Amino acid sequence: MILDPQTSAKIASYRPREAPPIWEEVASLVRSVVAATVSAVPYDVERLLHVTASLAVWAVKAGHPRDPDAWLRNEVIDAYVLSRAAGLEPSSVRTYRTWLLRVRDALAWSERGEAAPARLHAEPAPHPPYERADLAGLKHWAEHLRGQQRSDALALLGLGAGYGLQPREVAATLGSHLQRRGDADGPLVHTGVTREHPLAARSGWEEILEELVWQAGRGYLFRPRRTVEYAKNLIGSWSLLHQPPEGLPRVSVGRLRATWIVQLMATGLGHDLIAKAAGLASAASLARYQHHVPPLDDNTAARLLRDAKA
C-alpha cells in the first residue's frame, strides 16, 4: 500500500506523549498496523495512531504477546476499553472500541476463526449535506439576525460551508487567521489550520468571511466573548438556543462540512486534493460521501474527459 508523503511522515514520526519505556518494544508494530489500515478506515491517521498505540502498550503491560494479532482479539479490546472507562466519557469508550474493531476487520484477522464482534451500537453514518435550498435559507436567516447572533450564525456557516472546518477548528478560528494570499483579489486562505496545501475559502463565502474578520479583529470569529478555546457543547448549545424558523434545519457544523465536501466532489476536483483540504487521511475516506454527489450529465462528463490535464 502506497501512502501519501504527509500520512507516511506522521506515522513514521509518531510517539505518544510521555511514552513509557515499553513503547520502544511495540512502536514498529503499531506503525505497521496503522500504515496497513489507514486507507481502509474512515479515521484520521493521528487518531488511529493514538488509539492503536494505547491498546498496544496496555496489552503488553497486561501480559499479552508482543503481537498485534493478540491485541486485536475481541476479548482484549473489550478488556482494554473497560480499563479506560473510569477516565473517559461513555461515548468515548464506545468510540475507542469501534475504531479498534474497524482496524481489526481491515486487517482481516476475523477470518482466523474468531467470533464476530458484538456491536455496542450502530456505526455512525456521515453527516448528510444540506440541500441547496436549505443552505440558502440558513444563509438568509443568519443575515437577518441582529448583533452577535448574526455574527455567530454567519461564522458557523462561513467556516463550515466555506472552508469545511471541523467543530474544534471552527471554535479556534481567529480573525487574524483569514488572510488574502497574494494581492487583494487572491484567495482568502485560512492560516490557522494544518493542511498540506493552503486552505482557500469557496468564493461564495469570501465576502461574508471578510466582514466577520473586520468585526472580530484578532479575536474569535464565533462567540468571541468566551474564555476557553473549545468546550464540548460550545457549538451545540448555540444551535439549540438559536434555531431557524420552521421548515429550515438546524445549523450543524458536521452537515456544513459534509456540504462543502460534496460540493467540491461534484465539481470534478481530484479526490486527493479534496481529502488533503479536508484534513482526511486519504481519498478513500471520501467514499462514504459519494452517494450524495449528483451524477454528471453527458456534456459535463465529456468536457471533463476532454480537458483533463496530465
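The following refers to the structure shown. (Residues numbered from 1 in each chain as written. Predicted model: local features only at pLDDT ≥ 70, side-chain atom pairs only at ≥ 80, totals over all residues. Heavy atoms only, no water.)

### Brief notes about helix α3 (residues 45-61)
Consideration 1: With 17 residues, α3 extends 24 Å from end C-alpha to end C-alpha; this agrees with the ideal 24 Å at 1.5 Å per step.
Consideration 2: When you tally the buried positions in α3, you get twelve out of 17 residues, the bulk of the element.
Consideration 3: Here α3 has its buried residues at Val45, Leu48, Leu49, Val51, Thr52, Ala53, Ser54, Leu55, Ala56, Val57, Ala59 and Val60.
Consideration 4: Gly63 lies just past α3 and shows a positive phi near 100 degrees. (Helix = DSSP H or I, 4+ residues; strand = E, 2+ residues; numbered from the N terminus. Expected span 1.5 Å × (residues − 1). Buried < 20%, exposed > 50% of the residue type's maximum accessible area, 1.4 Å probe, protein only.)

### Here we look at the pattern of salt bridges
Consideration 1: Taken as a whole and judged by the stated rule, the model has twelve salt bridges.
Consideration 2: With its nearest N and O atoms 2.7 Å apart, the salt bridge here joins Asp78 to Arg97. With a gap of 19 residues between them, Asp78 in helix α5 (residues 74-84) and Arg97 in helix α6 (residues 90-106) connect regions that are remote in the sequence.
Consideration 3: Residue Arg97 is classed as buried on the basis of its relative accessible area of 7%.
Consideration 4: A salt bridge links Glu206 to Arg180; its shortest N-O distance comes to 3.3 Å. Residue Glu206 is located in helix α10 (residues 206-216), and its partner Arg180 is located in strand β1 (residues 178-180); the two are separated by 26 residues in the primary sequence.
Consideration 5: Connected through shared salt-bridge partners, Arg180, Glu206 and Glu210 make up one network. (Salt bridge = Lys/Arg side-chain N within 4 Å of Asp/Glu carboxyl O.)

### Points about the sheet that holds β1
Consideration 1: The antiparallel open sheet is built from three strands, whose spatial order is β1-β2-β3. Looking at the sheet topology across the chains shown, the edges are occupied by β1 and β3 (199-200).
Consideration 2: As judged from the two bridges shared by strand β2 (residues 188-190) and β3, these two strands associate in the antiparallel manner. When the sheet's bridge partners are listed, His190 is paired in β3 with Leu199. (Pairing = 2+ DSSP bridges.)

### Examining the packing of helix α12 (residues 253-266) against helix α13 (residues 271-278)
Consideration 1: Relative orientation of the contacting elements α12 and α13 amounts to 160 degrees, with a least axis distance of 10 Å. Between α12 and α13, the crossing angle belongs to the class labelled roughly antiparallel. Seen along the crossing, α12 lies across α13 with a hand that is right-handed. Contacts between α12 and α13 pair Arg257, Trp260, Ile261, Leu264 and Met265 from the former with His271, Ile274, Ala277 and Ala278 from the latter.
Consideration 2: Taken together, the residues of the contact of α12 with α13 break down into seven nonpolar, one polar and one charged. (Axes fitted to C-alpha atoms, helices over the stretch in contact; angles between N-to-C directions. Parallel < 35°, antiparallel > 145°, perpendicular 65-115°, else oblique. Left-handed = near helix turned anticlockwise from the far one by under 90°. Contact = heavy atoms within 4.5 Å. Nonpolar A, V, L, I, M, F, W, Y, C, P; charged D, E, K, R; others polar.)

### Quick word on the environment of Lys61
Consideration 1: Relative to the helices and strands, Lys61 resides in helix α3.
Consideration 2: On the accessibility criterion, Lys61 (58% relative accessible area) is exposed.
Consideration 3: Each residue touching Lys61, except ones within four places of it in the same chain, is listed here: Pro20 and Ile22.

### Brief notes about the nonpolar core
Grouped burial of nonpolar side chains is what soluble globular proteins tend to show.
Consideration 1: In terms of nonpolar packing, the biggest core is built from 49 residues, with Trp141, Leu156, Leu157, Tyr163, Leu209 and Leu286 touching the most fellow members.
Consideration 2: Elements with a contribution of two residues or more to this core: α7 (132-143), α8 (147-163), α9 (167-172), α10, α11 (234-241), α12 and α13.
Consideration 3: Beyond its immediate chain neighbours, meaning those up to four positions away, Leu157 contacts Leu135, Leu138, Lys139, Ala142, Gly162, Trp205, Val251 and Leu256.
Consideration 4: Membership of the second largest hydrophobic core comes to 38 residues, among which are Trp23, Val33, Val34 and Leu100. (Core = buried A, V, L, I, M, F, W, Y, C linked by side-chain atoms within 4.5 Å.)

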